[in-house]
Amino acid sequence: MATTLLRKQALSQLSRALGSEQATVELKWMLRSLEQPDRLVADSLSAMVARRVSGEPLQYILGTQPFGPLDLLTRPPVLIPRPETEDWAIRLAEFVKPTMRAPIQLLDLCTGSGCIPLLLCKTWPAGTVRARGIDISAEAIALAKDNAARCGIPSSSSKPTASHELTAAHNTFDALQADIRLPGFLASLKSSGIRPRFDVITSNPPYIPRDQYEQLPTSVKDYEDIRALLGDPDLLPPQGKKSLSDSGRGLTFYHDIAKLVAHEQEGLLTTKGILAVEVGEGQAKDVAAILKTEGGLQYTSIWTDPWNIERVVVASRK
Ligand SMILES: C[S@@+](CC[C@H](N)C(=O)[O-])C[C@H]1O[C@@H](n2cnc3c(N)ncnc32)[C@H](O)[C@@H]1O
């Protein structure tokens, strides 16, 4: 338990770095996490403050981040789930209504912490969804699996145990490491035993254009994986080089996702399926056009986030 003097010192150090209003809020979170009987971080208050003052995001220091009804684990370099993603995932949970009689297969491309499919698994009635999450990063896959366990969402291959009876009445989540941009991605899904046809596909892919990436605060760039942020990964700096002169518009992944759903019979999306992708500010209309022309998804709508930014493109064939 931190003494009054330690708290005062912490507040003044945090205030110098963050301003007094933010410092007060963050100190409260730190103290709350120190008081948890099952606390995740071994740090003392002064160690937490030192990490925060050096620019580390608060969520990595606390080790968790609320996301709708979930309290998800956070670990660098896996992207910390953002409030705008939480907002549309909750909205999607209300928009799609799977039932036990019509259960669905869900695929989340670029799953990171697993936040989107886990929120949907938790919100939809038991036994209505079998979800898969794909990510290129081994750290992300490990975290998504840990998050599934924390949220009580079993894998489809879990063996029933005395304390945990796995029945058809469970929603399930499986995380798989794969590169969705590789030409053999669809074949690799099949060879992992996954029937590659999904009723709902979600994705929050990397979408930050190169020039905007360079402007991000160091608290993002130094801690979160560049692969989670940069929308044009072919412009990643060659080894040893710090930056590139090239700039892209951050739309590479939308072209790739459009290709994956383009074929009505062989593609990833069922004929009546829906695709929901998060987009960066100013990208929604371009992404809707990509999904129409390259993905054959003729019906698109754009969802705006609570900050009045066009944030999600929802698309379907029929
Ligand atoms: C913007 S983050 C989104 C993470 C999570 N869905 C969320 O909303 O917080 C994008 C994710 O895409 C993953 N990623 C990047 N390139 C990929 C690729 N070629 N194939 C699969 N996943 C990729 C990154 O590792 C990262 O976890």
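Taking an unreviewed UniProt entry as the reference, the protein chain is identified by name as S-adenosyl-L-methionine-dependent methyltransferase belonging to Irpex rosettiformis.

Engineer: What is the right way to look at unusual backbone geometry in this model?
Structural biologist: Trans is the common state for peptide bonds, and a negative phi is the common state for residues other than glycine. Of the consecutive residues proline 76 and proline 77, the connecting peptide bond is found in the cis state with omega at 5°. As for its position among the elements, proline 77 is in the loop between strand S2 (70-73) and helix H5 (83-95). The phi angle at cysteine 110 is positive, at roughly 70°, despite the residue not being glycine. Within the secondary structure, cysteine 110 is located in the loop between strand S3 (104-109) and helix H6 (115-123). For cysteine 110, a relative accessible area of 18% gives the class buried.

Engineer: Just to check I follow, could you spell out the packing of helix H12 (residues 252-261) against helix H13 (residues 284-293) for this structure?
Structural biologist: Angle between the axes and distance between the axes: these two values describe a pair of packed helices. Contact pair H12 / H13: the axes reach a minimum separation of 9 Å and the direction vectors enclose 25°. The pairing of H12 with H13 is recorded here as roughly parallel in orientation. You can see that H12 and H13 cross each other, and the crossing is right-handed. For the pair H12 and H13, the contacting residues are Tyr254, His255 and Ala258 in the first and Val287, Ile290 and Leu291 in the second. Taken together, the residues of the contact of H12 with H13 break down into five nonpolar, one polar and no charged.

Engineer: In this structure, what is going on with the pattern of salt bridges? I would like to understand it.
Structural biologist: Should the charged atoms of two oppositely charged side chains come close, the side chains can pair. Evaluation of the coordinates by the stated rule reveals 16 salt bridges. Across the pair arginine 227 and aspartate 225 runs a salt bridge whose closest N-O atoms are separated by 3.0 Å. Exposure remark for aspartate 225: the relative accessible area of 14% places this residue in the buried category.

Engineer: How should I be thinking about helix H7 (residues 138-151) in this particular structure?
Structural biologist: Its 14 residues place the ends of H7 20 Å apart at the C-alpha level, agreeing with the 20 Å of an ideal helix rising 1.5 Å per residue. Turning to H7, its buried residues number three or more, namely Ala140, Ile141, Leu143, Ala144, Asn147, Ala148 and Cys151. Angular distribution of buried residues about the axis of H7 spans 165°; they occupy a single face of the element. On the buried face of H7, the contacting elements are S2, H6, strand S4 (129-135) and strand S5 (172-177). At the N-terminal end of H7, a side-chain oxygen is found 3.3 Å from the backbone nitrogen of glutamate 139, two or three residues along, and the residue is serine 137.

Engineer: Looking at this structure, how should I read the packing of helix H1 (residues 4-18) against helix H3 (residues 45-53)?
Structural biologist: Direction vectors running N to C along H1 and H3 enclose 5°, while the axes themselves pass 10 Å from each other. With respect to H3, the element H1 is oriented roughly parallel. Each of Leu6, Arg7, Ala10, Gln13, Leu14, Ala17 and Leu18 in H1 lies in contact with H3, whose residues at this interface are Leu45, Val49, Arg52 and Val53. Taken together, the residues of the contact of H1 with H3 break down into eight nonpolar, one polar and two charged.

Engineer: Got a minute to help me understand the site of the ligand in this structure?
Structural biologist: Around the ligand, 20 residues are found, and the nearest of them are Cys110, Asp135, Asp179, Asn204 and Ala228. With respect to the ligand, the backbone of cysteine 110 contributes an N or O atom lying 2.9 Å from a nitrogen atom. A distance of 3.0 Å separates a nitrogen atom of the ligand from a polar atom in the backbone of isoleucine 180. Protein contact buries 96% of the 590 Å² of open area that the ligand shows by itself.

Engineer: Teacher, can you tell me more about the nonpolar core here?
Structural biologist: Taken as a class, soluble globular proteins show a tendency for nonpolar side chains to be buried jointly. Membership of the largest hydrophobic core comes to 37 residues, with the highest contact counts inside it found for Leu109, Ile180, Phe185, Ile201 and Val277. Ranked by residue count, the leading element in this core is H12, at six residues. What phenylalanine 185 contacts, discounting residues up to four positions off in sequence, is Leu109, Ile134, Ala178, Asp179, Ile180, Leu260 and Leu268. Phe67, Ala276, Trp303 and Val314 belong to the second largest nonpolar core, which has 32 residues in total.

Engineer: Please explain the packing of aromatic side chains as it appears in this structure.
Structural biologist: Given two aromatic rings, one states the distance between the centres and the angle between the planes to describe the pair. One pass over the structure, following the stated rule, counts one aromatic pair. With a centroid separation of 5.4 Å and an interplanar angle of 80°, the aromatic rings of phenylalanine 95 and tryptophan 303 are classed as edge-to-face. With phenylalanine 95 in helix H5 and tryptophan 303 in strand S8 (residues 299-304), this pair connects stretches of sequence that are 208 residues apart. The aromatic ring of tryptophan 29 is capped on one face by arginine 32, whose charged end is 5.0 Å from the ring centroid. Arginine 91 extends its terminal NZ or CZ atom over the ring of tryptophan 303, reaching a point 4.3 Å from the ring centre.

What counts, and at which threshold
- Residues numbered from 1 in each chain as written.
- Predicted model: local features only at pLDDT ≥ 70, side-chain atom pairs only at ≥ 80, totals over all residues.
- Heavy atoms only, no water.
- Helix = DSSP H or I, 4+ residues; strand = E, 2+ residues; numbered from the N terminus.
- Buried < 20%, exposed > 50% of the residue type's maximum accessible area, 1.4 Å probe, protein only.
- Axes fitted to C-alpha atoms, helices over the stretch in contact; angles between N-to-C directions.
- Parallel < 35°, antiparallel > 145°, perpendicular 65-115°, else oblique.
- Left-handed = near helix turned anticlockwise from the far one by under 90°.
- Contact = heavy atoms within 4.5 Å.
- Nonpolar A, V, L, I, M, F, W, Y, C, P; charged D, E, K, R; others polar.
- Salt bridge = Lys/Arg side-chain N within 4 Å of Asp/Glu carboxyl O.
- Expected span 1.5 Å × (residues − 1).
- Arc of directions from axis to C-beta.
- Polar contact = N/O pair within 3.5 Å; in protein donor to acceptor, adjacent residues only side chain to side chain.
- Near = heavy atom within 4 Å.
- Areas by Shrake-Rupley, 256 points an atom, 1.4 Å probe, with all protein chains shown as cover.
- Core = buried A, V, L, I, M, F, W, Y, C linked by side-chain atoms within 4.5 Å.
- Phe/Tyr/Trp six-rings, centres within 6.5 Å; stacked < 30°, edge-to-face > 60°.
- Lys NZ or Arg CZ within 6 Å of the ring centre and 35° of its normal.

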